[in-house]
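Breakdown of the fold
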Amino acid sequence: LLRRDCARVTEQSAPAPIPLPRPTSKRSLRNVKFVRQLQAPGIAIWQRAITTGDAIFLAGWQQDHIVVARVDWQGEHTPDLRRWNVPTAEGAPLIMEGNRGDDHRVLVHCVSRMTLTPRRFSAMDGSERESFAGAIDGVTDGLLAAAFSPHGVTWLLEDSIDGPTLRALDRHGNLWTTTSLAEREFDPWQVRMHARSDSVFIAASNFLQLCNANGKWDSPVDLESPIFSLAGAAQHARFRIAVGLRQGAAIWWDSITRDSLTILSSDLEQTVVEFNLAGHLIVAGPMSAEIFATGEGRAELIGKCSGWRARPIAVLRSAAAHEFAIVTADGKILIYRVD
């Protein structure tokens, strides 16, 4: 599976840019201030980064070891690192997901390999609360993507004997619903999921689709570009979904239809996206990022930032409303604030 998928990614040709207009700003750009820089411990090729509670977790490879680093947002605690020896799998795609408000468990999985025994991280704040990274209950070796709902639902997209299957587990680990996706093919390098309320969005290859808790699917929206990242606005904010594309990004308000699609930042390539708590959409490319206000049902460019050389692997939402972090493949964590 992995060798076949990697070959397909290598051989596919770049599609033409999406011929849609780019929004322009009608006001002066706001100052995007660099706040501080953090660094993940060790030397690794980092693939994934998430934030849960007060911590930032990164997952990557050190030769034939999977490594997970934990860094606190303020840089007040010494970063921690945990390792798993996974021979013959170096560089395989990794999955890492967590509940934004709870740093107790972080799912880490190597696609097409055995599940990873959980590793313990001690509490950072002097309390007895520990964190664990690795496998969680209910995960199988065929896991392709995962997402945690704010309401405690765990969504798992898995490659099974009968083809791709989407399972939902309740907060107690009990099976809630199962949906077959046998008609779809999923590339483990490009599939992403985002859970909101009791529904989940799946972005894979060049389509985005919504599934609710009853297993009902909305019609997929197909794009001319592969999707590289997926993000949703904060749970209690107005519904907004964004995806990062091979060239630029896209955003929807209120519903996922082709007619409601808006294309952003057409000059940035292979972008990663995220909304901060102020509702700004951050679209980050190889050397720079653009920030858009999205609160009025339209996107308006309000700021830009730069300062990294390595490829960005994630944009992270901070607990501070106007802040966000850019995480790069060399383990740098650059925190910015929109003034």
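What counts and what doesn't
Every chain is numbered on its own, with residues counted from 1 as its sequence reads. Per-residue local features of the predicted model are confined to residues with pLDDT of at least 70, and side-chain atom pairs are confined, for both listing and counting, to 80 or more; whole-chain, interface and lining totals are unaffected and use all residues. Excluded from the side-chain calculations are hydrogens and water; all other atoms, namely the structure's heavy atoms, are used. When DSSP finds two or more bridges between a pair of strands, those strands are recorded as paired. Numbering of helices and strands starts at the N terminus; helices are DSSP runs of H or I of at least 4 residues and strands are runs of E of at least 2. The axes used here are C-alpha line fits, helices contributing only the stretch in contact, and every angle between their N-to-C directions lies in the interval 0 to 180 degrees. Each salt bridge in this description consists of a side-chain nitrogen of Lys or Arg and a carboxyl oxygen of Asp or Glu lying within 4 Å of one another. By nonpolar core is meant a set of buried Ala, Val, Leu, Ile, Met, Phe, Trp, Tyr and Cys residues that side-chain atoms within 4.5 Å join together. In this scheme, a residue with accessible area under 20% of its type's maximum is buried, one over 50% is exposed, and one in between is partly exposed, where area comes from a 1.4 Å probe on protein chains only. Two residues qualify as a contact provided that any one of their heavy atoms is within 4.5 Å of a heavy atom in the partner residue. Charged residues are defined here as Lys and Arg on the positive side and Asp and Glu on the negative side; His and the ends of the chain fall outside this count. The pLDDT value expresses, per residue, how confident the predictor is, ranging between 0 and 100.

**Quick look at the sheet that holds strand 23 (residues 280-284)**
Pairing in this open sheet of four strands is antiparallel, and the strands run 22-23-24-25 from one edge to the other. Looking at strand neighbours, the two that pair on one side only are strand 22 (272-275) and strand 25 (300-306), the edges of this open sheet. Put simply, the sheet's adjacent strands are angled 20° from each other on average, direction ignored. Looking at chain direction, strand 24 (residues 288-293) and strand 25 are connected through six bridges and run antiparallel. Bridging from a neighbouring strand, Ile 291 pairs with Gly 303 of strand 25.

**A look at the pattern of salt bridges**
Per the counting criterion, the structure on display carries 11 salt bridges. The salt bridge partner of Glu 224 is Arg 258, with a shortest N-O separation of 3.3 Å. Here the residue Glu 224 occupies a position in the loop between strand 17 (221-222) and strand 18 (227-232), and Arg 258 occupies one in the loop between strand 20 (247-253) and strand 21 (262-269), the gap between them amounting to 34 residues. Linked through salt bridges whose partners overlap, the residues forming this network are Glu 296, Arg 298 and Glu 300.

**Some thoughts on the nonpolar core**
Core analysis: the largest hydrophobic core is formed by 28 residues, its most contacted members being Trp 155, Leu 157, Leu 166, Phe 186 and Met 193. Considering every element that reaches this core, the biggest residue donor is strand 10 (residues 143-148), with six residues. In contact with Leu 157, other than residues within four places in its own chain, are Gly 142, Leu 143, Leu 144, Ala 145, Thr 165, Leu 166, Leu 181, Phe 186, Val 191 and Met 193.

**Quick look at the side chain of Arg 240**
Within the secondary structure, Arg 240 sits in strand 19 (residues 240-245). Of the side chains with opposite charge, Asp 254 lies nearest to the buried Arg 240, which makes no salt bridge, at 7.5 Å. Residues in contact with Arg 240, not counting those within four places in the same chain, are Ala 231, Gly 232, Ala 233, Trp 252, Trp 253, Phe 275, Gly 279, Thr 294 and Gly 295.

**With respect to the confidence of the model for the protein chain**
Taken as a whole, the protein chain shows an average pLDDT of 87; of its residues, 89% reach a score of 70 or greater. Under a pLDDT of 50 for its full length, residues 1-21 has, in the predicted model, 32 contacts with residues more than four places off or in other chains.

**A look at unusual backbone geometry**
At Gln 63, a residue that is not glycine, the phi angle is positive and equals roughly 55°. Topologically, Gln 63 is positioned in the loop between strand 3 (55-62) and strand 4 (65-72). Using a relative accessible area of 61% as the deciding quantity, one classes Gln 63 as exposed. Even without a glycine there, the phi angle at Gln 270 is positive, about 45°. We classify Gln 270 as partly exposed; its relative accessible area is 41%.

**Digging into the pairing of strand 22**
Residues Val 272 and Glu 274 of strand 22 are buried on one face, and the alternating residues Val 273 and Phe 275, pointing to the opposite face, are buried as well. Inspection of the sheet shows strand 22 paired to strand 23 by four bridges, in the antiparallel sense. Within strand 23, the residue paired with Val 273 across the bridge is Val 283. Hairpin connection between strand 22 and strand 23: a loop of four residues separates the two successive antiparallel strands, and Gly 279 in this loop has a positive phi of roughly 90°.

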